[in-house]
Amino acid sequence: MTTALHVPEELSARIPVEQRGPGLDRDAVRLLVSRGTEVSHRAFAELPRLLRAGDLLVVNTSPTLAAAVGGRIGHARVVVHFSTRGDDGRWAVELRDPDERGTTRARAGGPAGTEVRLPGGVRLRLEEPLSAASGRLWWAQVSGAGGGARIVGLLREYGRPIRYSYTERDQPLSVYQTVFALPSPDGTGSAEMPSAARPFTARLVAELVSRGVQFAPVTLHTGVASAEAHEAPYPERFAVPEASARLINAVKAGDGRVIAVGTTAVRAVESAAGADGAVRAREGWTDLVVTPERGVRVVDGLLTGLHEPEASHLLMLEAVAGRAAIDRAYAEALRGLYLWHEFGDVHLLLPEEGPHTEHCWRNCW
């Protein structure tokens, strides 16, 4: 993405669309549609007419956690963003400084040994950075009986959704859940909403199904994004069940298109794909970063939000549709005053129509 692109502050979606006027539902956002460098402007409610029978939507079922909790380091107030629960029971956390608007500012991570006091008598001790490249996220040990498992209860009782400075006010957790969210057996989930799926409503899903569009559920628990630094994604937990793998492969073998709902769904399904493009049931951790050089092996299209010019997710979009298509789409989004971020408008990238489209879309990038 060209670094000359600048997204004006007034194009940040500050509240959910259903709160902008009477009678609005989540699907009342706008939809920018890209087919190669051809762009059209639609409403999200038109999605069933833009897809066709036999198409498959890959959706992320991860629930959003109330992942922000207030705490103290000594006498200083901090906000802890709980990002990812490790296999050893530790949690990867980001410490933030509260501001006077109900949101937070970036704070230097560490040092090792720092103790954070949390509600309910829970204490965190920072141990080591999540990666040598960044000191933003730290692995933290939870004191007392139950260890890291206590955090799930802590979030339920004292947590609130992570909120960034472009939003207008606090929102209940229900605002951050998608229609596809399912409870996880261990109570974990995503630190931030898999927001590409937010505009879907039960009514719209029913209409898609009635038109022959299928759904393949996968899970990827998203961690805390680097709001200021725009770092590359770090390892996240994912699962692609056997039934979804079979369905994806069947659609790929036929005339349907595999369209991922969100960059999280792309990361999950591409992590379960072999070099031959076949998807196999798989779960665990993925450190895959989808770039134009790596390309995509499974997805034919993508439904996603609008990302800031510096965001690493744009490399994934370029891997799916090519640089020219993304540059053209974002220029149109700015010209058309589309809204950015998790409460904003959405972007549908579809294969170009024409002879030999299917072969070229899967093999020519």
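Residues numbered from 1 in each chain as written. Predicted model: local features only at pLDDT ≥ 70, side-chain atom pairs only at ≥ 80, totals over all residues. Heavy atoms only, no water.

(A) Quick peek at unusual backbone geometry. The amide bond that connects Gly110 to the next residue, Pro111, takes the cis arrangement and shows omega of 0°. When you line up the elements, Pro111 lands in the loop between β7 (104-106) and β8 (115-117). Of note in this structure, Leu337 is not a glycine but carries a positive phi near 60°. Mapping Leu337 onto the fold places it in the loop between α7 (323-335) and β16 (346-350). Relative accessible area serves as the criterion here: at 55%, Leu337 is assigned to the exposed category. Backbone geometry at His341 places phi at a positive 80°, although glycine is not the residue there. Among the structural elements, His341 can be located in the loop between α7 and β16. (Helix = DSSP H or I, 4+ residues; strand = E, 2+ residues; numbered from the N terminus. Buried < 20%, exposed > 50% of the residue type's maximum accessible area, 1.4 Å probe, protein only.)

(B) Inspection of the environment of Val59 at higher detail. Within the fold, Val59 resides in strand β3 (residues 56-60). Between the C-alpha atoms of Val59 and Leu130, which are 71 residues apart in sequence, the distance is 28 Å. Apart from the residues within four sequence positions on either side, Val59 is in contact with Phe180, Phe215, Ala216, Pro217, Val218 and Val261. (Contact = heavy atoms within 4.5 Å.)

(C) Main features of the pattern of salt bridges. Going through the model one piece at a time under the given rule, you end up with 27 salt bridges. Ionic pairing is found between Arg323 and Glu318, a salt bridge with its closest N-O pair at 3.9 Å. Accessibility expressed as a relative area gives 40% for Arg323, which makes it partly exposed. Residue Glu318 is classed as buried on the basis of its relative accessible area of 9%. Put simply, Arg323 and Asp327 hold a salt bridge, and the shortest N to O gap is 3.1 Å. Here the residue Arg323 and the residue Asp327 both occupy positions in helix α7, the gap between them amounting to four residues, near one helical turn. What you see here is one network of salt bridges that share partners, running through Asp88, Arg90, Glu127 and Glu128. (Salt bridge = Lys/Arg side-chain N within 4 Å of Asp/Glu carboxyl O.)

(D) Broad picture of the packing of aromatic side chains. Inspection of every chain in the model, using the stated rule, returns seven aromatic pairs. Taking the centre distance of 5.5 Å and the plane angle of 50° together, the rings of Tyr176 and Phe343 count as tilted. Of this pair, Tyr176 sits in the loop between α2 (150-158) and α3 (202-210) while Phe343 sits in the loop between α7 and β16, and the two are 167 residues apart along the sequence. Of the two residues, Tyr176 and Phe343, both sit in the buried class. (Phe/Tyr/Trp six-rings, centres within 6.5 Å; stacked < 30°, edge-to-face > 60°.)

(E) Region of the structure containing the nonpolar core. Val240, Ile248, Val279, Tyr330 and Trp340 are the most contacted members of the largest nonpolar core, which totals 52 residues. Secondary-structure elements contributing two or more residues to this core are β3, β11 (214-220), β12 (236-240), α4 (242-253), β13 (258-261), α5 (263-271), α6 (313-321) and α7. Residues Ala67, Val79, Trp91 and Leu118 belong to the second largest nonpolar core, which totals 30 residues. (Core = buried A, V, L, I, M, F, W, Y, C linked by side-chain atoms within 4.5 Å.)

(F) Structural context of the sheet that holds β3. If you walk across this open sheet you meet the nine strands as β2-β1-β16-β15-β13-β3-β11-β12-β14, and the pairing is mixed. On the outer flanks of this sheet lie β2 (38-43) and β14 (282-286), each paired with one strand and no other. Each adjacent strand pair in this sheet contributes to an overall mean axis angle of 20°, direction not counted. Pairing geometry for strand β15 (residues 301-305) and β16, over four bridges, is antiparallel. Bridge pairing in β16 places Leu302 opposite Leu349. Of the strands in this sheet, β3, β11, β12 and β13 touch α4, which is tilted by about 130° from β11. (Pairing = 2+ DSSP bridges. Axes fitted to C-alpha atoms, helices over the stretch in contact; angles between N-to-C directions.)

(G) Local environment of the environment of Gln171. As for its placement among the helices and strands, Gln171 is situated in the loop between α2 and α3. Along the primary structure Gln171 and Gln19 are separated by 152 residues, whereas in three dimensions their C-alpha atoms are 11 Å apart. Discounting chain neighbours no more than four positions away, the residues touching Gln171 are Ile15, Pro16, Gln19, Pro161, Tyr176 and Phe343. Of note is the side chain of Gln171, whose polar atom sits 2.8 Å from the side chain of Gln19. (Polar contact = N/O pair within 3.5 Å; in protein donor to acceptor, adjacent residues only side chain to side chain.)

(H) Structural detail: the side chain of Thr286. Looking at the secondary structure, you find Thr286 in strand β14. At a separation of 2.6 Å, a polar atom in the side chain of Thr286 contacts the side chain of Ser271. Apart from residues no more than four positions distant in its own chain, Thr286 is found in contact with Leu220, Tyr234, Pro235, Glu236, Phe238, Arg267 and Ser271.

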